Amino acid sequence: MENVSELLEKLYWVVDILPKQVTKDSAGQYFKVEQYFLKRRPALCEKFVRVLLKLNCYLDMELSEDGDSWTLNPAPEALEQEIGAYVNGGPTNAMLYVLLQSEMTLIVIDWDSTNMTLYNPSETLLELVRELVMPEGLYLWKP
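In short, a report on the structure. (Residues numbered from 1 in each chain as written. Predicted model: local features only at pLDDT ≥ 70, side-chain atom pairs only at ≥ 80, totals over all residues. Heavy atoms only, no water.)

1. Observations concerning the overall build of the chain
Here comes step 1: Looking only at helices and strands, the chain features five helices and seven strands.
Here comes step 2: Whereas a compact globule of 143 residues would reach a radius of gyration of roughly 15 Å, the chain reaches 14 Å, a difference of no more than 12%.
Here comes step 3: For the chain, the proportion of its 143 residues judged to be buried stands at 41%.
Here comes step 4: For the chain, the share of sequence-separated contacts (at least 6 apart) that also reach a separation of at least 24 residues comes to 65%.
Here comes step 5: Looking at the chain as shown, the accessible area adds up to about 8200 Å², and 51% of this sits on carbon and sulfur atoms.
Here comes step 6: If you average the places of the 12 positive and of the 22 negative side-chain charges in the chain, the two averages end up 13 Å apart. (Helix = DSSP H or I, 4+ residues; strand = E, 2+ residues; numbered from the N terminus. Rg over C-alpha atoms; globule rule 2.2 N^0.38 Å. Buried < 20%, exposed > 50% of the residue type's maximum accessible area, 1.4 Å probe, protein only. Contact = heavy atoms within 4.5 Å. Areas by Shrake-Rupley, 256 points an atom, 1.4 Å probe, with all protein chains shown as cover. Lys, Arg positive; Asp, Glu negative; His and termini not counted. Charge placed at Lys NZ, Arg CZ, Asp CG, Glu CD.)

2. Notes on the pairing of strand E5 (residues 105-110)
Here comes step 1: Within E5, five of the six residues are buried, leaving the element largely enclosed by the surrounding structure.
Here comes step 2: Direction of pairing for strand E4 (residues 95-100) relative to E5: antiparallel, over a ladder of six bridges. Across the sheet, Val98 pairs through a bridge with Ile107, a residue of E5.
Here comes step 3: Bridging between E5 and strand E6 (residues 116-119) involves four bridges; their strand directions are antiparallel. By the bridge assignment for E6, Ile107 is matched with Leu118.
Here comes step 4: The hairpin turn running from E5 into E6, its antiparallel successor, is five residues long. (Pairing = 2+ DSSP bridges.)

3. Notes on the sheet that holds strand E1 (residues 12-16)
Here comes step 1: Spatial ordering of the open sheet is given by E3-E2-E4-E5-E6-E1-E7, a layout of seven strands whose pairing is antiparallel. Each edge of the open sheet carries a strand with a single partner, namely strand E3 (71-72) and strand E7 (139-141).
Here comes step 2: Where E1 lies against E7, three bridges are found, and the strand directions are antiparallel. Residue Val15 lies in a different strand from E7, and its bridge partner there is Leu140.
Here comes step 3: Relative to the sheet, helix H3 (residues 41-56) contacts E4, E5 and E6, its axis offset from that of E5 by approximately 165°.
Here comes step 4: Against the sheet, helix H5 (residues 123-133) contacts E1, E4, E5, E6 and E7, and its axis sits at roughly 150° relative to E7. (Axes fitted to C-alpha atoms, helices over the stretch in contact; angles between N-to-C directions.)

4. Section: the pairing of E6
Here comes step 1: Along E6, one buried face is formed by Met116 and Leu118 and the opposite face, lined by Thr117 and Tyr119, is buried too.
Here comes step 2: Of the pairings in the sheet, the one linking E1 to E6 comprises four bridges and is antiparallel in character. Each residue of the ladder has a partner; that of Tyr12, found in E6, is Tyr119.

5. Quick notes on the nonpolar core
Here comes step 1: Core analysis: the biggest nonpolar cluster contains 30 residues, and Leu52 and Leu55 have the highest contact counts within it.
Here comes step 2: Elements supplying a minimum of two residues to this core: E1, H3, helix H4 (76-89), E4, E5, E6 and H5.
Here comes step 3: Ranked by residue count, the leading element in this core is H3, at seven residues.
Here comes step 4: Formed by seven residues, the second largest nonpolar core is a distinct cluster that contains Tyr97, Leu106, Val108 and Tyr119. (Core = buried A, V, L, I, M, F, W, Y, C linked by side-chain atoms within 4.5 Å.)

6. What to know about H5
Here comes step 1: When we look at burial in H5, the residues that qualify are Leu125, Leu126, Leu128, Val129, Leu132 and Val133. An end-on view of H5 places all buried positions within 165° of arc, on one side of the element. With respect to the buried face of H5, the exposed residues turned more than 90 degrees away are Glu123, Thr124 and Glu131.
Here comes step 2: Against E1, H3, E4, E5, E6 and E7 lie the buried residues of H5. (Arc of directions from axis to C-beta.)

In structure tokens form, the structure reads like this:
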């Protein structure tokens, strides 16, 4: 968990359904729209799974619910099942961690959110992730 705690303190980028951060004084109805999308988690889950599976073609990844027990390169079906159960059913832990050890990057999926957060990504990784999220109708932005 030490690596996870350290990485959570690093700069981060967001993979999101929106192209940029919504400001708190925005005139729209962000929270109602967010709830709408959260009720449709299976579709969002599928997008996250496809991005992570494609990313796993390039890099080793480790998956954990608690930050202590990690699974290296889970089978595609196992990754899909883990994220699907996690996103759809409500996890025992509030976050799902994906560690890219070679990049020293942590990806966090918060089950009560419409985004994934990348902590400490390199410019090369950001470029790759940007290419992977665009076909899914997702965006990559820095807060």
